[in-house]
Amino acid sequence: MKAAQTTIFSHFQPLTLLLLFAAILVVIIVNKLRAAYRQGIREVPGSWIAKFTNLWRVSMVWSGNAHVRYCKLHEQYGSLVRLAPNFVSVSDTSIISTVYGINTKFLKSDFYIVFDTPRDGMNMASMFSTRNPEHHKTLKRPVAQKFAMTSIRSLEPLVDPCSDIFTDAMQASAGQIVDLGTWLQWYAFDVIGAITFNRRFGFMEKQRDIENIIEGLDFGLAYGGIIGQMPWLHPWLLGNLTLRKLRAWLLPNAPDPVRTAINIENQMVLERIEEYDKSQVEYVESQGQDFLAFLRQQAKNTSTNMSSRDLMNHLMHNILAGSDTTAIALRAVLYYIIRNPRVYKTLQEEIDNANLAGKLSKNVTFAESQELPYLQCCLKEAMRFHPSVGYPLERVVPMPGADIGGVYLPGGTIIGVNAMVIHRDKSIFGADANEFRPERWIAADSKLDVPNMERHLLTFGAGARTCIGKNISIMEMGKVIPQLLRQFTITWASEKPEWEVKTWWFARQSGLLVKLERRDNS
Ligand code: HEM
């Protein structure tokens, strides 16, 4: 044994070790050079460091300024920008239908694995995060009907009590400075709880971050946004079940998105599933418009048995995909209205006239909101000016490669179009694309090609994987905003001239401090 050890050791003399390291270094350098100067992608301009390492891209998103940086990079380099050895950001809009369209061969990249959620000891892809088109179809089939326009109205009775709690709380705070951004987040979370499993989280009633849900999910977004740039790290970090347990044991008070998700599942969703299963007749008849009731009822009607894992996957996914996104859009609408007196006045007049004509119910309905054309323009313009997602929607170029914006990129290259960049494209949205101007969406008045603008509005993504919850959000916004503006005059009350935006996947705003004064209508 001793002799054997001596023999092995004798092979590793300093010179041998040095040669070994040198060989490894040469292999790494050669691989880096090959990746950097791969045919096709080498023609794409960008920072020279980005050719060699993903760290450049990580440093770019780390600051939370990606929404600004992406725009500047495209201004500097043009429609294709290389941000990493294997990643190209694209602002050439002619590729959108090929890359994102129905039956596309450009599949979601591994960026999305950071949004898989843990369940039963494994990481599980959701309808949003799955990279596999067949899996996507399987997940989408049972729920698609509930997201359809025809079903949206059935959700309104679940939304109305949330709007009342919200406006009542604003009544109580009238005249004081209110952090409207936080309230809109509480509102959006409570609405999504109500429509998903017929229970509000209670953020608005308790006026605080219950069970640190918001803190945990914020941390998850920052983690996902940064680690998603190097997704191969994820299995060694929060994607690793053992490491996660160790982290929770060592740092019990640190924000933990996984624990947050598990807490929501165990403390809220499971309880509702049990309640539903115990008294389903009463539940369905009295309140059964929510997603849980729909899925349980559908399984019963079709004699299919959706596993509790799949059921949980659908319900949790609604909560994760539909809360922050809507809160960001709501903040954007109100912020830009408040900061643009001309727009505010026009919108206020539209709402007041409709109200005087008896066209608005106590709880404004979705149908009524759609009869307010200027409001609809404000919603679109705010979501154009400040889309909720601030990163490119990443897709993988299929084998053997594809022509992207005039450059033939090899299969396996990751590309993505960023709504933040496209939405400021003057050739689509007009010379004043950098201004907030809802009138651009009025087809009769606008000198712009409005249908073309609609096609390039990427707030909800595009094509095969476009947002399935879009109508729910538009319904939510269309209902609450007129209700709020009918009751209050809202003014900017922060000492700072603007809000602050930090982007880690979602472009989240803070500092939306306002004062609400009661109006005669309240
Ligand atoms: C203003 C609010 C919202 C915005 C801005 C938004 C944005 C988006 C975007 C950009 C995508 C595409 C992501 C990609 O291609 O990588 C997406 C997908 C998705 N969103 Fe939304 N979303 C919103 C509200 C909602 C709501 C309320 C729900 C559910 C209740 C929801 C559920 C989903 C789902 C399930 C997908 C994946 C669809 C698929 O791959 O088939 N979203 N969303």
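Refer to the structure printed above.
Below is a summary of the structure that appears in this document. (Residues numbered from 1 in each chain as written. Predicted model: local features only at pLDDT ≥ 70, side-chain atom pairs only at ≥ 80, totals over all residues. Heavy atoms only, no water.)

1. What about the overall build of the protein chain?
Note the threshold: Only DSSP runs of H or I reaching four residues or more are called helices, and only runs of E reaching two or more are called strands; each is numbered from the N terminus. The globule rule used for comparison is 2.2 Å times the number of residues to the exponent 0.38, while the radius of gyration itself is calculated over C-alpha atoms. Buried, partly exposed and exposed residues are distinguished by accessible area as a fraction of the type maximum, computed with a 1.4 Å probe on protein chains only: under 20%, between the cut-offs, and over 50%, respectively. Every residue pair with non-hydrogen atoms within 4.5 Å of one another is taken to be in contact. With residues, only the protein chains shown are counted as cover, and all accessible areas are computed by Shrake-Rupley using a 1.4 Å probe.
Of regular secondary structure, the protein chain possesses 25 helices and 14 strands. Computed over the C-alpha atoms, the radius of gyration of the protein chain is 25 Å, within 12% of the 24 Å expected from 2.2 N^0.38 for a compact globule of 522 residues. Expressed along its principal axes, the backbone C-alpha trace of the protein chain runs to roughly 95 × 60 × 50 Å. In the protein chain, which comprises 522 residues, the proportion classed as buried is 54%. At a minimum sequence separation of 6, the contacts of the protein chain that also span at least 24 residues come to 71%. Split by element, the accessible area of the protein chain, about 24,000 Å² in all, is 58% carbon and sulfur.

2. Some words on the site of the ligand
This is how the line gets drawn: We define proximity as follows: a residue is near a molecule or strand when any one of its heavy atoms falls within 4 Å of that partner. Here a polar contact means two N or O atoms within 3.5 Å. Within protein one must be a hydrogen donor candidate and the other an acceptor candidate, and residues neighboring in sequence count only if both atoms are side-chain atoms. Gly counts as polar in this scheme, as do all residues outside two lists: the nonpolar Ala, Val, Leu, Ile, Met, Phe, Trp, Tyr, Cys and Pro, and the charged Asp, Glu, Lys and Arg.
Residues in close proximity to the ligand total 27 residues, the closest being Tyr112, His136, His317, Arg465 and Cys467. In the environment of the ligand, an oxygen atom lies 3.3 Å from a nitrogen or oxygen atom belonging to the backbone of Met127. One of the side-chain N or O atoms of Arg395 is found 2.8 Å from an oxygen atom in the ligand. When contributions to the shell around the ligand are tallied by element, the ones reaching two or more residues are α17 (308–322), α18 (324–339), β7 (393–396) and α25 (470–487). For the shell around the ligand, the element with the highest residue contribution is α17, accounting for four residues. Residue composition of the shell around the ligand, grouped by class: 12 nonpolar, 12 polar and three charged.

3. A word on the pairing of β7
Note the threshold: DSSP calls a pair of strands paired once it identifies at least 2 bridges connecting them.
As judged from the two bridges shared by strand β3 (residues 107–108) and β7, these two strands associate in the antiparallel manner. In the strand pairing of β7, Leu107 is matched with Val396.

4. Description of the sheet that holds strand β14 (residues 513–518)
Short version of the rule: All axes are obtained by fitting lines to C-alpha atoms, using only the stretch in contact for helices, and the reported angles, taken between N-to-C directions, cover 0 to 180 degrees.
Sheet architecture is open: three strands sit in the order β6-β14-β11, paired in antiparallel fashion. Here the strands that pair on one side only, and so sit at the sheet edges, are β6 (177–179) and β11 (488–492). Averaged over all neighbouring strand pairs, the angle between strand axes comes to 40°, with direction disregarded. Along the sheet, helix α9 (residues 156–172) contacts β6, β11 and β14; its crossing angle with β11, the most-contacted strand, is approximately 70°. Packed onto the sheet, helix α10 (residues 180–197) meets β6 and β14 and runs at close to 45° relative to β6.

5. Points about the coordination of the iron atom of the ligand
Quick note on the threshold: Keep in mind that water is not among the atoms, so a site may look incomplete; donors are the N, O and S atoms within 2.8 Å of the metal, or 3.2 Å for Na, K and Ca.
No other protein atom reaches the iron atom of the ligand as a donor apart from Cys467 (SG), found 2.3 Å away. Note on placement: Cys467 falls in the loop between α24 (450–455) and α25.

6. Concerning the sheet that holds β7
Taken in spatial order, the five strands of this open sheet run β1-β2-β10-β7-β3, and their pairing is mixed. The strands lining the two open edges of the sheet, one partner per strand, are β1 (80–84) and β3. In terms of strand pairing, β1 meets strand β2 (residues 87–90) through four bridges, oriented antiparallel. Looking at β2, one finds that Ala84 is bridged to Phe87. Docked against the sheet, helix α3 (residues 55–62) engages β1, β2 and β7, running at close to 100° with respect to β1.

7. A look at the pairing of β1
Of all five residues that make up β1, five are buried, and the element is covered over most of its length. Where β1 hands over to β2, the hairpin turn is made up of two residues, counted between the paired strands.

8. Re the nonpolar core
Using the following cut-off: Within this scheme, the nonpolar core is defined by two criteria: the residues are buried Ala, Val, Leu, Ile, Met, Phe, Trp, Tyr or Cys, and they are joined through side-chain atoms within 4.5 Å.
In this structure, Phe166, Met170, Phe201, Ile404, Ile490 and Trp505 are the most contacted members of the largest nonpolar core, which totals 152 residues. Take this core: its biggest share by element is 11 residues, from α10. In this structure Phe201 touches Phe189, Asp190, Ile192, Gly193, Ile210, Ile213, Ile264, Met268 and Ile319, once residues within four positions along its chain are discounted.

9. With respect to a nonpolar patch on the surface
Counted only if it meets this: Within the patch definition used here, like charges are joined within 9 Å and nonpolar side chains (Val, Leu, Ile, Met, Phe, Trp, Tyr) within 5 Å, considering only residues with over 30% relative accessible area and no salt bridge. When a carboxyl oxygen of Asp or Glu is within 4 Å of a side-chain nitrogen of Lys or Arg, the pair counts as a salt bridge.
A surface patch of nonpolar side chains, about 460 Å² in accessible area, is lined by Leu17, Leu20, Phe21, Ile24 and Ile28. If you trace the backbone, Phe21 turns up in helix α2 (residues 14–36).

10. Some words on the side chain of Arg395
Short version of the rule: Here the positive residues are Lys and Arg and the negative ones are Asp and Glu; neither His nor the chain ends is included.
Note on placement: Arg395 falls in strand β7. Buried charged residue Arg395 carries no salt bridge. Nearest counter-charge: Glu394, at 8.0 Å.

11. A few points about unusual backbone geometry
The omega angle of the peptide bond from Met399 to Pro400 is 0°, so this bond is cis rather than trans. You will see that Asn103, though not glycine, has its phi angle at about 60°, which is positive. Its location among the elements puts Asn103 in the loop between α5 (96–100) and β3. The residue Trp505 is not glycine, and still its phi comes out positive at about 70°. Within the secondary structure, Trp505 sits in the loop between β12 (500–504) and β13 (506–510).

12. As for the state of the cysteines
Selection criterion: The rule for a disulfide is simple: a pair of cysteine sulfur atoms within 2.5 Å.
The final tally for this structure, using the stated rule, is zero disulfides. Between Cys377, a free cysteine, and Cys378, which holds the nearest cysteine sulfur, the sulfur-to-sulfur gap is 7.0 Å. With a relative accessible area of 8%, Cys377 lands in the buried category. The class for Cys378 is buried, based on a relative accessible area of 0%.

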